[in-house]
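Report on the structure
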Amino acid sequence: MNGVSYSRERRALLLYAAFGLFFLVLVVRLLLIQTAEHEKYYKMSEDNRIRLVPEVAFRGDIYDRYGRVIVENRPSYTISAIPNEIDNIDSISSKLADLVPLGKNEIAEKIRSKKFLRYQPIKIARSVSFETVCIIEENADKFPGIIFQLEPARKYPQEGVLSHAVGYTSEVTEKELREMKGEGVNYGTDIGREGLEKYWDRYLRGKDGLTYLEITAEGKILGDLQGRDNIPPEPGMDVQLALDYELQNYALSLFADTVAGALVALDPRNGEVLTFVSVPAYDANMFTGVLRKKDWDRLVSDPHKPLLNRIIKGEYPPASTYKLIVAGAGLEEGIIEPETKFAPCTGGYRFGNRVFKCWNLSGHGKLGVIGSIIQSCDVYFYQLGHKLGLEKFAEYSRKCGFGSKTGIDVPGEMAGLVPDADWYDNKLGKGKWPISVIINLSIGQGEVLVTPLQLANFYAAVANGGTLYRPHLMRMAFSKNDTVYAKIEKIGQLPFTDSTLAILREASVGVLYDSHGTARGSRIKGIKFGGKTGTAQNPHGNEHALFCAYAPVENPIIAVACIVENAGHGSEEAAPIVSRVVRHYLEKNGLIPDPDSLQNMASREAE
Amino acid sequence: MGIRGELTGSALALTVAGLLLSGIGVLMVYSATHTAVSAFEEGLYIKQLIWVGIGFCVFLIVVMLPMRMHEILSYIYYIMLILLLAGLLFYGRVGGGSMRWYSFGFLHFQPSELGKVIVLFAMARYLSYSKKPSQHFRRLMLTGILVLIPTMLVLRQPDLGTSLVYLVLMLAILYWSGLPPVYLLLIISPVFSMITAFHPISYIVLFAVIILLLIILKPGAFMASAIVVVNLLFGMVTPLLWNRLADYQKSRILIFLNPGNDPQGAGYQIIQSKIAIGSGGLLGKGFLGGTQTNLNYLPVRHTDFVFSVVGEEFGFLGGLVIISLFALIIFLGLRTAVRVRNRFTSFVCVGVVTILFFQTVVNIGMTLGIMPVTGLPLHFVSYGGSSMILSWVLLGLLVNAEMSWQEY
């Protein structure tokens with residue numbers, strides 16, 4: 001047997017070696033996993049057992065200048081799905097599709113795309129009705145994995161009174177979520193999409209809190225995680241606007257239901273926005289729930305474009321409201337003196353072989369600059385503009401704040417257009433455009449485009465002695481322990497001396513109070529204010545009516561620009577609206593007695 | 001103990017190692033199930049403790065019974081095993097679908113577990129009595145048939161893990177019988193043929209190597225042609241079979257080969273196991289401190305993945321202890337296999353060591369993500385009566401051999 005045992009020993013050597021090698025592999029692998037990869041796996045084990053439940057931070061409320069609540073949070077029902085508790089996504093989706101205004105595929109896609117959240121609820125439909133919640137609650141066995149939660153949702157003023165200013169919020173997208181890491185934003189957090197909600201989102205939003213829970217693999221919550229403090233949600237800051245909500249409603253009511261237009265009022269002393277009317281408006285509340293496709297289609301297909309924020313995105317020819325800029329430039333450049341008169345207006349101005357008509361075809365005769373503004377004589381401005389030239393026109397326009405954004409705290413502002421020689425060269429080819437473009441521009445027609453906000457800001461500057469302020473809606477943001485005030489910023493200075501401004505003001509007052517003034521029908525008793533009408537030619541339809549104004553002349557507290565699209569003459573369609581808004585605002589600020597007490601006074605005097 | 005033979009240090013060490021592993025097993029089963037979610041898991045560690053007790057009694061019996069008795073009865077055991085396994089196919093079919101065990105109330109008897117020992121006995125008996133040279137064709141054929149019958153029956157259950165144990169056992173025993181390792185390579189060459197069949201160049205290379213080996217070794221015309229034919233057959237048929245499989249069948253096979261492709265099923269188990277072990281670090285999270293274990297993230301943690309519990313709660317240190325204990329048993333067993341005088345006993349020792357080695361490596365390798373999920377439990381440690389009793393039977397055979405090493 002000795003020979004056998006010898007060969008056994010040799011054979012055993014190979015087995016020892018093979019077994020030893022395999023055990024060594026196990027030990028090395030074990031060591032690697034538990035040392036080199038320990039950190040990674042430890043984190044994974046923590047991620048497994050810890051569920052972070054975000055606690056929604058309430059968005060700040062929005063108040064008007066007198067402390068009236070404009071936007072607040074209301075409780076709303078949200079239907080959510082817990083992916084790991086759903087066996088059959090398709091059947092659940094088709095059942096839900098009968099209850100919420102979403103398609104079966106849309107719901108299924110929502111659940112599938114966020115399946116990795118496992119036990120974290122995925123929001124399916126927000127702001128659902130109480131009836132829907134009841135149906136789901138009563139048939140809970142038919143909706144496994146479907147839950148409803150009570151959540152804060154935005155409540156906006158009805159009828160879209162402020163939709164263009166305030167905008168709306170909606171759920172953060174996955175891409176944004178990645179970009180906003182560490183800002184206390186979670187799946188389902190609402191962030192501002194338009195208007196102030198977007199611009200001041202960082203103040204309004206707050207920071208979601210986090211609750212650390214320990215959960216089992218089955219999703220059973222064992223309670224708060226030991227040794228980890230929960231992070232309480234930080235509510236967003238409340239925001240107070242300079243806007244006068246009551247005046248806003250009043251101004252809105254003055255627009256007929258069928259028209260499109262805008263009215264923006266500023267405080268000339270600091271650029272605060274007092275009203276921000278763009279009609280037609282849309283109801284921002286439809287964005288807080290589930291946006292129905294037919295609602296969206298209706299919004300988008302409406303020829304009046306309710307989603308268009310006309311105050312900052314509507315670019316219009318300024319028409320005669322622009323004559324103040326041209327007049328001011330002429331005075332500053334020494335082309336005219338206040339009394340300078342050009343060839344008399346006979347209802348038209350011949351330039352080359354073309355006749356540029358005055359709106360008054362019977363002619364205004366010989367007028368100075370003030371009279372020409374009061375009566376809005378086009379022929380006077382054709383001649384003045386021609387002498388001023390395109391480059392000076394553009395230069396003064398820019399210095400008056402046109403052609404660039406004002407920097408208002410509502411996103412999406414347009415810059416308008418101040419054309420100059422370079423622009424025409426680019427557009428039409430070098431030297432391929434007639435010198436006569438300046439003739440049209442000098443009455444605010446042709447290629448020049450402005451936003452209502454730029455006009456209002458210019459008239460505010462005329463009123464306040466020449467300072468262009470950055471228009472802003474927010475006055476301050478405040479929380480329990482912090483207050484942030486909006487800065488009052490000067491963005492420019494009108495290129496006009498005091499004497500020029502005085503002439504412009506005198507002329508604008510004449511527009512209303514002179515017996516020939518184009519807006520004499522819109523005077524306000526008991527106070528003096530200045531303004532300028534405009535009637536913009538519109539190749540696509542009726543003329544746009546414009547009126548800009550400020551009041552009172554001595555100590556101005558309001559400047560307004562108003563446009564009514566396709567309505568006709570500024571004097572007839574825009575000036576009366578502005579006049580009523582101005583009168584209303586001055587009355588409530590005690591600068592003119594209200595009509596009742598005026599009557600009382602009159603009767604007392606009579607006695 | 002009143003046992004015949006000589007109580008050597010090795011015999012004592014083997015016994016202590018088995019007891020330590022079983023003890024750790026009971027603790028781990030307690031840890032894995034003390035936060036019981038289902039009533040089934042409640043008090044499981046007590047049951048395990050009882051199984052250890054029963055196992056230890058069986059161990060003592062095996063130590064006391066003379067090896068000679070198994071040598072004589074081995075073919076009778078074998079016939080009974082075949083009957084039981086075949087009976088299971090019919091019995092199982094009655095119960096709807098196939099089954100692995102006979103059920104007696106609360107007790108489940110799993111013949112394939114005990115079959116590991118019985119197949120070993122049968123092979124040991126046949127080879128220790130055969131006078132033919134180790135490479136002799138008929139000897140190899142008969143050994144193969146002896147193993148393949150129960151293997152096919154187990155595969156039908158289906159229990160791939162256990163049938164693999166039988167096959168590996170056969171290779172080890174043949175090797176121990178004196179078959180040169182190259183012959184072993186030739187025997188398993190059909191497996192390589194199956195794998196390389198999808199890649200013509202590697203298949204041709206493999207085939208060339210096989211031919212070369214056959215020319216050098218000259219195993220006889222019969223054996224040589226058998227090997228060539230089998231390899232050709234496997235190489236040709238595998239791709240044809242594969243293409244006839246339905247997509248879901250293909251994906252099942254692929255997932256078996258690479259569980260990472262299936263994050264919901266087997267892949268999920270492996271990931272959770274690696275998380276458990278990796279998060280344990282060097283010293284572990286402490287007894288009952290494993291979150292993967294206690295919060296049920298680790299699947300089948302008291303049976304197949306019990307090593308992951310050790311890794312999570314006792315870290316590298318704990319894992320090293322388990323591996324060392326198994327290594328100790330295996331190396332002592334191998335030493336005994338070398339020094340016992342009885343040929344049958346020597347085969348039995350090598351077989352026992354191979355079973356223990358194979359299951360340990362496959363089980364622990366699985367928890368570490370380097371072996372497929374086959375459902376082989378970890379001896380002594382995993383929860384389960386059949387596995388526990390078999391563990392002690394195996395250890396009893398080693399201790400028996402060690403104590404009676406002088407007997408011819």
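None of the values given here were measured: they were computed from a predicted structure.

Reading the values: rules and limits
- In every chain, residue numbers begin from 1 and rise along the written sequence.
- All chains are assigned letters beginning at A, and all ligands numbers beginning at 1, according to the order in which they are written.
- Given that the model is predicted, a residue must reach a pLDDT of at least 70 before its local features are reported, and side-chain atom pairs must reach 80 or more before they are shown or counted; all residues, however, enter totals for whole chains, interfaces and linings.
- The side-chain values count all of the structure's non-hydrogen atoms but skip hydrogen atoms and water molecules.
- Note on conventions: DSSP H or I runs of at least 4 residues are helices, E runs of at least 2 residues are strands, and numbering of each starts at the N terminus.
- In this scheme, a residue with accessible area under 20% of its type's maximum is buried, one over 50% is exposed, and one in between is partly exposed, where area comes from a 1.4 Å probe on protein chains only.
- Any two residues having at least one pair of non-hydrogen atoms within 4.5 Å are treated as being in contact.
- Exposure was quantified through the Shrake-Rupley algorithm and a 1.4 Å probe, taking into account, for residues, occlusion by the shown protein chains and nothing else.
- For two strands to pair, DSSP has to find at least two bridges joining them.
- For helices, the fitted axis covers only the stretch in contact; all axes are lines through C-alpha atoms, and the angles between them, taken along N-to-C directions, range from 0 to 180 degrees.
- Here, a salt bridge means any Lys or Arg side-chain nitrogen found within 4 Å of an Asp or Glu carboxyl oxygen.
- Identification of polar contacts relies on pairs of N or O atoms within 3.5 Å, with a donor-acceptor requirement for protein atoms, meaning one able to donate a hydrogen and the other able to accept it, and with residues adjacent in sequence counted only if both atoms are side-chain atoms.
- Basically, the charged four are Asp, Glu, Lys and Arg, the nonpolar ten are Ala, Val, Leu, Ile, Met, Phe, Trp, Tyr, Cys and Pro, and anything else, Gly included, counts as polar.
- Residues enter patches when their relative accessible area tops 30% and they take part in no salt bridge; the joining distance is 9 Å for like charges and 5 Å for the nonpolar side chains Val, Leu, Ile, Met, Phe, Trp and Tyr.
- pLDDT is defined as a per-residue confidence score from the predictor, taking values between 0 and 100.
- Any angle from 65 to 115 degrees is called roughly perpendicular, while one under 35 is roughly parallel, one over 145 is roughly antiparallel, and all others are oblique.
- Only Phe, Tyr and Trp rings take part, Trp by its six-membered ring, and two of them pair if their centres are within 6.5 Å. Stacked means planes under 30 degrees apart, edge-to-face means over 60, and tilted covers everything else.
- By convention in this document, the label disulfide applies to cysteine sulfur atom pairs within 2.5 Å.
- Each helix crossing is assigned a hand: it is left-handed if the near helix lies turned anticlockwise from the far helix by less than a right angle, otherwise right-handed if that turn is clockwise.
- Nonpolar cores were defined as sets of buried Ala, Val, Leu, Ile, Met, Phe, Trp, Tyr and Cys residues, with membership established by side-chain atoms within 4.5 Å.

Looking now at the overall build of chain A. Looking only at helices and strands, chain A has 23 helices and 21 strands in total. The 607 residues of chain A split such that 55% are buried. Within chain A, contacts between residues separated by at least 24 positions form 70% of all contacts whose residues are at least 6 apart in sequence. Of the accessible surface of chain A, which amounts to about 27300 Å², a share of 51% is contributed by carbon and sulfur atoms.

Attention shifts here to the sheet that holds strand β19 (residues 530-536) of chain A. All names here are of chain A. With antiparallel pairing, five strands are arranged side by side in an open sheet as β12-β11-β21-β20-β19. Because the sheet does not close on itself, it has two edges, and the strands there are β12 (272-279) and β19. Sheet twist, expressed as the average angle between the axes of neighbouring strands with direction ignored, equals 5°. When β19 meets strand β20 (residues 544-551), the two strands line up antiparallel, connected through seven bridges. Bridge assignment links Lys-532 to a residue of β20, and that residue is Cys-548.

Let us now look at the side chain of Asn363(B). Residues and elements named next belong to chain B. With respect to the helices and strands, Asn-363 occurs in helix α15 (residues 343-367). Residue Asn-363 is classed as buried on the basis of its relative accessible area, which comes to 0%. Not counting residues within four places of it along the chain, the set of residues in contact with Asn-363 comprises Asp-304, Phe-307, Leu-376, Pro-377 and Leu-378.

Let's shift gears to the interface of chain A and chain B. Taken together, the contact pairs 37 residues of chain A with 54 residues of chain B. Where chain A packs against chain B, one counts zero salt bridges. For the interface between chain A and chain B, the tally reads 19 residue pairs in polar contact (both at pLDDT 80 or more). Sorting the residues of the side of chain A that touches chain B by element identifies α1 (2-34), α2 (38-49) and β8 (209-215) of chain A as the ones contributing at least two each. When residues in the side of chain A that touches chain B are grouped by element, the largest group, 21 residues, is from α1(A). Of the residues contributing to the side of chain A that touches chain B, the split by class is 20 nonpolar, eight polar and nine charged.

Let's shift gears to a nonpolar patch on the surface. All names here are of chain B. Taken together, Leu-185, Val-191, Phe-192, Met-194, Ile-195, Val-230, Leu-232, Leu-233, Phe-234, Met-236, Val-237 and Leu-241 make up a surface patch of nonpolar side chains, about 1000 Å² in accessible area. Mapped onto the nonpolar patch, the elements with two or more residues apiece are α8 (189-196) and α10 (221-244). At seven residues, α10 tops the list of elements feeding residues into the nonpolar patch. Its location among the elements puts Leu-185 in helix α7 (residues 181-187).

Here the focus is the pattern of salt bridges. All names here are of chain A. Applying the stated criterion across every chain, the model contains 37 salt bridges over all chains. The salt bridge involving Arg-59 is made with Glu-197; its shortest N-O contact spans 2.8 Å. One end of the pair, Arg-59, is in the loop between β1 (50-55) and β2 (62-63); the other, Glu-197, is in helix α8 (residues 195-199), with 138 residues separating them in the sequence. The exposure class assigned to Arg-59 is buried, which follows from its relative accessible area of 7%. Look at Glu-197 and you get buried, because its relative accessible area is 0%. One network of salt bridges, in which partners are shared, links Arg-59, Arg-154, Glu-183, Glu-197, Asp-201 and Arg-205.

Residues shown with low pLDDT carry predicted positions that ought not to be read at fine detail. This prediction gives chain A a mean pLDDT of 89; 96% of its residues lie at or above 70. Note that residues 1-5 of chain A has pLDDT below 50 and, in this model, six contacts with residues that lie over four places away or in other chains.

Turning our eyes to something else, we now look at the environment of Tyr16(A). Along the chain, Tyr16(A) falls in helix α1. The class of Tyr16(A) is partly exposed, set by a relative accessible area of 24%. Beyond its immediate chain neighbours, meaning those up to four positions away, Tyr16(A) contacts Phe331(B), Leu334(B) and Arg335(B).

As a further point, take the confidence of the model for chain B. Chain-level statistics for chain B give a pLDDT mean of 86 and a share of 92% at 70 or above. Among the prediction metrics, the complex's ipTM stands at 0.91, with pTM recorded as 0.67.

This paragraph deals with the sheet that holds β8(A). Paired through their backbone hydrogen bonds, the strands of a sheet run either parallel or antiparallel. Residues and elements named next belong to chain A. The sheet built from three strands is open, its strands ordered β1-β8-β9 with antiparallel pairing. Among the strands making up the open sheet, the edge pair consists of β1 and β9 (221-224). Across the sheet, the axes of successive neighbouring strands diverge by a mean angle of 35°, strand direction being ignored. Note that β1 and β8 share six bridges and pair antiparallel. Note on β8: the bridge partner recorded for Pro-54 is Leu-210. Where α2 meets the sheet, it contacts β1 and β8, and its direction lies at approximately 55° from that of β1.

Attention now moves to the pairing of strand β16 (residues 474-479) of chain A. Residue and element names in this part refer to chain A. Here four bridges tie strand β10 (residues 238-241) to β16, and the two strands are oriented antiparallel to one another. When the sheet's bridge partners are listed, Gln-240 is paired in β16 with Met-476. Examined bridge by bridge, β16 and strand β17 (residues 482-485) share four bridges and lie antiparallel to one another. When the bridges of β17 are listed, Met-476 appears paired with Tyr-485. Where β16 folds back onto β17 in an antiparallel hairpin, the turn is made up of two residues.

All right, on to the packing of helix α4 (residues 111-129) of chain B against helix α16 (residues 385-403) of chain B then. Residues and elements named next belong to chain B. Closest axis-to-axis distance for the α4/α16 pair is 8 Å, and the angle between their directions is 30°. Regarding the angle of α4 to α16, the classification is roughly parallel. Listed contacts from α16 to Glu-113, Leu-114, Lys-116, Val-117 and Phe-121 of α4 are Ser-386, Ser-387, Leu-390, Val-393, Leu-394 and Leu-397. Class assignment for the residues of the contact of α4 with α16 results in seven nonpolar, two polar and two charged.

Here the focus is the environment of Lys313(A). Looking at where Lys313(A) falls in the secondary structure, it is placed in helix α12 (residues 310-313). Non-local contacts of Lys313(A), meaning those with residues more than four positions away in its chain, are made with Glu194(A), Leu308(A), Pro411(A), Gly412(A) and Met414(A).

Evaluated as defined, the whole model comprises 37 aromatic pairs over all chains. Note on Phe23(A) and Phe357(B): the rings are 5.9 Å apart at their centroids and 75° apart in plane angle, and the pair reads as edge-to-face. One end of the pair, Phe23(A), is in helix α1; the other, Phe357(B), is in helix α15, on a second chain. A single burial state applies to Phe23(A) and to Phe357(B), both of which are buried. Arranged with centres 6.2 Å apart and planes meeting at 20°, the rings of Tyr63(A) and Phe478(A) form a pair that is stacked. Of the two residues, Tyr63(A) sits in strand β2 while Phe478(A) sits in strand β16, which places them 415 residues apart along the sequence.

Here the focus is the state of the cysteines. With the rule as written, the count across this model stands at zero disulfides over all chains. With no disulfide of its own, Cys548(A) lies closest to Cys562(A) among cysteine sulfurs, the gap being 8.6 Å.

Angle between the axes and distance between the axes: these two values describe a pair of packed helices. Residues and elements named next belong to chain B. In contact at an axis separation of 10 Å, α15 and α16 are set at 145° when each is read in the N-to-C sense. Relative to α16, α15 is oriented so that their crossing is left-handed. Contacts between α15 and α16 involve Thr-345, Val-348, Cys-349, Val-352, Val-353, Ile-355 and Leu-356 on the former and, on the latter, Leu-394, Leu-397, Leu-398 and Ala-401.

Residues and elements named next belong to chain A. Here strand β4 (residues 122-128) lies mainly inside the structure; six of its seven residues are buried. Sheet analysis places strand β3 (residues 69-81) next to β4, joined by four bridges and oriented antiparallel. Counted as the bridge partner of Ile-79 is Ala-125 from β4.

With that settled, the discussion passes to the side chain of Asn285(A). Residue and element names in this part refer to chain A. Position of Asn-285 among the secondary structure elements: in the loop between β12 and α11 (293-301). Here Tyr-156 takes part through its backbone nitrogen, which lies 2.8 Å from a polar atom of the side chain of Asn-285. Contact partners of Asn-285, with chain neighbours within four places excluded, come to Arg-154, Lys-155, Tyr-156, Pro-157 and Gln-158.

Another point: the nonpolar core. Judged by nonpolar contacts, the single largest core of 141 residues is most densely connected at Leu263(A), Phe276(A), Phe458(A), Leu473(A) and Ile558(A). Counting residues per element, this core draws most heavily on helix α19 (residues 452-464) of chain A, which supplies nine residues. Excluding residues within four positions of it along the chain, Ile558(A) makes contact with Leu247(A), Ala265(A), Leu266(A), Pro268(A), Leu274(A), Ala549(A), Tyr550(A), Ala551(A), Val582(A), Tyr585(A) and Leu586(A). Judged by nonpolar contacts, the second largest core, of 118 residues, contains Met28(B), Ala327(B), Leu368(B) and Val381(B).

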